[in-house]
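Structural description and commentary
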Amino acid sequence: MVPLLDVNAQNHPLESELQAAFTEVLKHGRFIMGPEMETFEKEIATMTGAKHALSVSSGTDALLLALMALNIQPGDEVLCPAFTFFATAGAVSRLGAVPVFTDICPICFNLDVNDARKKITAKTKAIIPVHLFGQCADMDPILALATEHGLKVVEDAAQSIGAAYKGRQSGTMGHFGTYSFFPSKNLGGFGDGGMLVTNDDELAEFARVLRVHGSKPKYYHHYVGGNFRMDTLQCALLSVKVKRYAQYTADRQRNAANYTEALSKLPGIVLADPAHCKCASAQNEALAAQGAKIVLPVAYGHNSHIWNQFTLRVLGGKRDSLRDHLVAKKIGCDIYYPVTLDQQQCFANLPAASRSGCEVAHQLAQEVLSIPIYGELSEAQREEVIAAIAEWL
Ligand SMILES: *Cc1c(COP(=O)(O)O)cnc(C)c1O
C-alpha cells in the first residue's frame, strides 16, 4: 500500500512543536492578525526573496486579491493556461473579467507564450502564468510579452513555492505572486491559507488595505475589499514547518531523481525531451518513433523543480488502464487534471475566442497520471510503485 500523499507522515513528528505553537496562541488570544502572522510573513519573504509578503485566507483568495489590487474590471481579458487548477480562472471570472485560455507546452505543462501572443486583444489586461506541478513556466518570454503589451503579470505559484527559474524565485518575477498552503501543497498547512507576494510598495499597500475590507483606518472604507486574512494560529503552525522546508524539497527531489533513474531503464518508458519545448507535433512524432508508452516528466536545465506532482504521460489511450492497475495494487495515483478549463461547463457561455486552440492541453488531459512523490515515501514504497508500473508495461 502506497498512498498518493500522507500528510501525517510529515506532521506527526512535529507534534510537540505544533502543540507548543498552539498553546502560545491560545495564551495571548490574538487570533486575528496576531504576532505570529507577521513572523510567518517575514519568514516567507526571506525564503522567497520577495519584498512584501501578505498572508491571506487561501491561494484562491491570493489570486483574487492580486487581480483586485491590479484593478481588473468587468469585461477585461486575462490570459491563463487551459491546463491548471480551477482557481486560476475562477478568480478572473469572479471579477466579471474574461479568462482567455492559452495552450500549454507539452514538456513542462505550462503556458505556451506563442499561443498567448496570438490571443492578445485590445481588452487584454493581464496574464497569469501558472508554475504547475512545481516547475516554473518559461518566464523570460512571458515577461517580455507582458512588457510589450502593458499587461500585468500574476504568477500562480500555488504549487511551486521555493521553485526557481534562472535563479529567480517563483512568484517574485511578476507584479504579484501567489502561494497556497492547502495541505497537499509542498508547504502544506493545517487547513486553508495562502500568501500574496510582490516587490512593488504601492501594490503591497493597496492589497494590504483590500485584505481588510478596503478600510484604512478601521471603519473608513475607500474601497470595497474583503476579508482575506489568514488565522494567527495557521501562521504559527506553518512557522514550525517553514524552518524545515529546504529538507522537504530535497526529499521530493531525491524521490523524483530515483523514479527517473529506475523508470527510464524500463522498455517503453522515455524521458520528455526539452528540445521539444512548446512543440507538441515534433514531440508526438519523436515519441511514436521511439515506441514510447510512458513519458517521464523532466525539469528544464534553467529550472529548480520542487516536484509538487510527479506526472507521467501515458500514451496510446492507455492512461485509465495504468490507473486501474495501480489502484488494484493499492498504489495511490490521480489525474491532474481530467478536464481542461476551456471545456468546463461553467465557462461554456464565454466567447468562443476565449476557448479556442488548446489542443495540447486536451491531449495531456487524456494522458496524465500523477504518482506518489511526497518526501516521506520510503525506499520500499518507491520500489513498490516502480514494480507495479513495470508489471503493467
Ligand atoms: C491549489 C491551487 C490554487 C488554490 O489554492 P487554495 O489554497 O486551495 O485556494 C490555485 N492555483 C493552483 C495552480 C493550485 O494548485
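The rules behind the values
- Residues numbered from 1 in each chain as written.
- Predicted model: local features only at pLDDT ≥ 70, side-chain atom pairs only at ≥ 80, totals over all residues.
- Heavy atoms only, no water.
- Helix = DSSP H or I, 4+ residues; strand = E, 2+ residues; numbered from the N terminus.
- Polar contact = N/O pair within 3.5 Å; in protein donor to acceptor, adjacent residues only side chain to side chain.
- Contact = heavy atoms within 4.5 Å.
- Buried < 20%, exposed > 50% of the residue type's maximum accessible area, 1.4 Å probe, protein only.
- Pairing = 2+ DSSP bridges.
- Salt bridge = Lys/Arg side-chain N within 4 Å of Asp/Glu carboxyl O.
- Arc of directions from axis to C-beta.

A few points about the side chain of Ser-170
The topology assignment puts Ser-170 in the loop between β7 (168-169) and β8 (176-180). At 2.5 Å, the side chain of Ser-170 forms a polar contact with the backbone oxygen of Ser-160. Each residue touching Ser-170, except ones within four places of it in the same chain, is listed here: His-131, Cys-136, Glu-155, Ala-157, Ser-160, Ile-161, Gly-162, Ala-163, Ala-164 and Tyr-179.

As for the pairing of strand β14 (residues 368-371)
The alternating pattern of β14 places Val-368 and Ser-370 and Leu-369 and Ile-371 on opposite faces, both of which are buried. Relative to β14, strand β13 (residues 310-314) runs antiparallel, the two sharing 4 bridges. Each bridged residue has a counterpart across the sheet, and for Arg-313 the counterpart in β14 is Val-368.

Quick notes on the pattern of salt bridges
Pairs can form between side chains of opposite charge once their charged atoms are near each other. The final tally for this structure, using the stated rule, is 19 salt bridges. Arg-254 is the partner of Asp-251 in a salt bridge, and the nearest nitrogen-oxygen pair spans 3.4 Å. Pair noted here: Asp-251 and Arg-254 are both in helix α10 (residues 245-263), with a separation of 3 residues, about one helical turn. In this structure Asp-251 comes out as buried when scored by relative accessible area, which is 12%. For Arg-254, a relative accessible area of 37% translates into the label partly exposed.

Concerning helix α12 (residues 319-328)
Looking only at α12, the buried set comprises Arg-319, Leu-322, His-325 and Leu-326. Projection of α12 onto a plane perpendicular to its axis shows the buried side chains occupying an angular sector of 130 degrees, all on one side. On its buried face, α12 is in contact with β11 (294-296), β13, α13 (359-367), β14 and α14 (379-392). Count one or two residues on from α12 and you reach Lys-330, which has phi positive near 60 degrees.

Re the sheet that holds β7
An order of β7-β6-β12 is seen for the 3 strands of this open sheet, with the pairing classed as antiparallel. Of all the strands in the sheet, the pair left with one neighbour each is β7 and β12 (303-304). By the bridge criterion, 2 bridges tie strand β6 (residues 164-165) to β7 in an arrangement that is antiparallel. From the neighbouring strand, Ala-164 faces β7, where its bridge partner is Gln-169.

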